Structures are given as C-alpha cells and as structure tokens.
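In case you want the letters, here they are:
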Amino acid sequence: MHLRSKLSALLVAAAIALGARTASAKLRVVATIQTLADLCRQVGGDRIDVSSLSHGYQDPHFVEAKPSLVLSLNRADALVYVGLDLEVGWLPPLVQQSRNERIQRGQAGNIDASTAIKVEDIPTIPADQLRAMGDIHPLGNPHYWIPPKNARGIARLLAQRFTELDAAGAGAYQAALAAFERQLDAKEKEWDRIAAPLRGIHVVTYHKSWSYVADWLHMQEIGYIEPKPGIPPTANHTAQLIDLMHKSDVKLVIVESFYPSNLARFVADNGHARLVSTPSDVGATPAIKTYFDLVDAVLAAFLHG
C-alpha cells in the first residue's frame, strides 16, 4: 500500500507538472504574410511563437505550397490570414492537408484579418461576369494592411482572438494592444505630417493594390498599368494611359518592389512622372522588420525614393 501510495503521488505530480507546462506553452501562430506576423508579435509578445508562410519580397498571391508549410500549419494553434481570396490560389489546400482542426473555418484559431477592416472595391457586377474582368477579387480589395486604421483594427481582433485561445494571457494581450495603439497614435500623427505633400496628387499604380493607401493619404488614382487586374497591358492601353497621365499631371507611378519595373519605368518616363518601386510587406528588405518600419519605408519611397 505504501508503494502504491507513493506511485500514485508521483503520477499526480507528473500530471500537474505536465499541465503546468501545457498551460505555460506559447501559443503557436502562423500568419500568411510577414506584416500580419509582426502585428501578431506586437499583440502577442512573449506569449506566442509566430512564423510567416511567405516572405515580404514575394507576391503574396503566389506562394509555393511546400511540405514545410503544411507542417507549420499542422502544429499551429492559430492561422492569421489576409482573406478576401488573396491567398485562394495556395492556402486552402495547405490548410486541408494540415489535418489541423484548430485552424479550420469556424474555429477560434482561424483568424481572417479582413473581418477587422472596412473592405473597399467590392465588385457590383454579377459573379458570372467577373472572369472577363481579369483577376478581380469578388469579396473586395485584399491589399489593406498598410493604413494605420486597418492595422489598429487587426491588432484589436488579434487581442480578442488570442484571449479566446489563451484566457490566462488576457491581461498581457490587452496591455500589449494598448502599448501598440499608443505607439501607432504617435506615429500616425507623424506620418500625417510628413505625408502632407502627397495630398491631392495624381498617381498611377501597376496593380490595383494601393487604393487603401491612396485613400488614407488623399492621393488620387487615375489609372493602372494593368488594364484589368492580373492582365498584361497592350500597347494601345499603355499609349492611352500615358496620354491620360499628360492630361492629368500624374506625379508618381507606383509599383510593388516584387514586380518587374521595366514597363513601369517606360510608363513613368513617357508620362513625365517619377517611378516609385516600393515595399508592400514587412521583410521586403532586411531593414523592414516591423509594421512601423514598413509604413516609414513606403512614405519615404513616395516622398523621396
């Protein structure tokens, strides 16, 4: 009996120790892009381990579905993604192959960041006509993560969902969220001040991916190098765009740094505008390590780059 009692005590102690380790284990979070991964870090602090399925120098529409990504998703407690079909070409099969119930749709660990923002550019044409319009996102424009109001909304969503997954960390998540919002409030005032010269200027973009930023900075998009999203331009479209640029006094031609810049440079040179090849995600360059670095880099490119 004495031996049995000692064995029972050891088993109870082992169970308590295992429970303590489980309770103190970090939340494993996987994000689809590096900006979302950084916002997770801002809110999650040292209570989470976070990784990104893509790199900031890649086009997030097209990510190679490697087995290592399936393994990351299999281990995840939470998946944070852009949504609005940005990752539709590669993410759903990976989530399915992960066989991880925690990150499936409808679960607390499935976090669609687009639910935290006001979606723009939702098509009004019938769904059966969208195919003829190019690579149109039927749920709305998914390139929304740069403006401060959207980053703020995403951070609040993350704090809420991390708390659902890790109730013991509720206080830590709220404190980290408050610290992030204080820093964001200060930076937003700084960004609004230094971006004042951009207000009202006319711009052309390569892909329709800067609309949220243009709205935030009060820039006016007057055309796109792609005649339809994802469709290469014809010579006739390019000529018409350049003519429109002359008439509209376009100042900037904006293209993400992962796109080839030859055509954009041709349009900018012939349209008498400045070409801006700019990062659009954390990690686009080694110096862009955080969301705040990203916005600083984008504004520096617009103003000086």
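So, how was this worked out
- Residues numbered from 1 in each chain as written.
- Predicted model: local features only at pLDDT ≥ 70, side-chain atom pairs only at ≥ 80, totals over all residues.
- Heavy atoms only, no water.
- Pairing = 2+ DSSP bridges.
- Helix = DSSP H or I, 4+ residues; strand = E, 2+ residues; numbered from the N terminus.
- Axes fitted to C-alpha atoms, helices over the stretch in contact; angles between N-to-C directions.
- Contact = heavy atoms within 4.5 Å.
- Buried < 20%, exposed > 50% of the residue type's maximum accessible area, 1.4 Å probe, protein only.
- Right-handed = clockwise from strand over helix to strand, strands pointing away.
- Expected span 1.5 Å × (residues − 1).
- Arc of directions from axis to C-beta.
- Salt bridge = Lys/Arg side-chain N within 4 Å of Asp/Glu carboxyl O.

1. Re the sheet that holds strand β5 (residues 202–205)
The strand order across the open sheet formed by 4 strands is β6-β5-β7-β8, and the pairing between neighbours is parallel. Bordering the open sheet on either side are β6 (220–224) and β8 (274–278), each of which pairs with just one other strand. Strand-to-strand twist of the sheet, defined as the mean angle between neighbouring strand axes without regard to direction, takes the value 30°. On top of the sheet, helix α8 (residues 235–248) reaches β5, β6 and β7 (250–256); it is set at about 155° to β6, its chief contact.

2. Thoughts on the pairing of strand β1 (residues 27–31)
By the criterion of burial, β1 is predominantly enclosed, with 4 of the 5 residues buried. Relative to strand β2 (residues 48–52), β1 is paired through 5 bridges, and the arrangement is parallel. By the bridge assignment for β2, V29 is matched with V50. Regarding the hand of the β-α-β motif, the stretch spanning β1, helix α2 (residues 34–44) and β2 is right-handed. Where β1 lies against strand β3 (residues 78–81), 3 bridges are found, and the strand directions are parallel. Across the sheet, V30 pairs through a bridge with L79, a residue of β3.

3. Considering α8
Since one α-helical turn is 3.6 residues long, residues separated by three or four positions face the same way. Between its terminal C-alpha atoms α8 stretches 20 Å, which fits the 20 Å expected from 14 residues at 1.5 Å a residue. For α8, the set of buried residues is H237, T238, L241, I242, M245 and S248. On an axial view of α8, the arc spanned by its buried residues comes to 135°, and they lie on one face. Exposed residues pointing more than 90 degrees away from the buried face of α8 are listed as A235, N236 and K247. Taken from the residues just after α8, D249 is the one with a positive phi, measuring 55°.

4. Some points on the sheet that holds β2
The strand order β2-β1-β3-β4 describes an open sheet built from 4 strands, whose pairing is parallel. Sheet topology places β2 and β4 (110–112) at the edges, where each strand pairs with a single neighbour. Taken pair by pair, the neighbouring strands of this sheet meet at an average axis angle of 20°, ignoring direction.

5. Some words on unusual backbone geometry
Working note: non-glycine residues mostly have negative phi, and peptide bonds are mostly trans. Even without being glycine, L84 reaches a positive phi, approximately 55°. Structurally, L84 is set in the loop between β3 and α4 (91–98). A positive phi angle is found at R99, which is not glycine, with a value near 55°. Structurally, the position occupied by R99 is in the loop between α4 and β4.

6. Quick notes on the pattern of salt bridges
This structure, assessed with the given rule, holds 12 salt bridges. With a shortest N-O distance of 2.9 Å, R152 and D185 are connected by a salt bridge. Of this pair, R152 sits in helix α5 (residues 148–165) while D185 sits in helix α6 (residues 170–194), placing them 33 residues apart in sequence. With relative accessibility at 13%, the residue R152 sits in the buried group. Residues joined in a network through salt bridges with shared partners are R152, R156, E181, D185 and E188.

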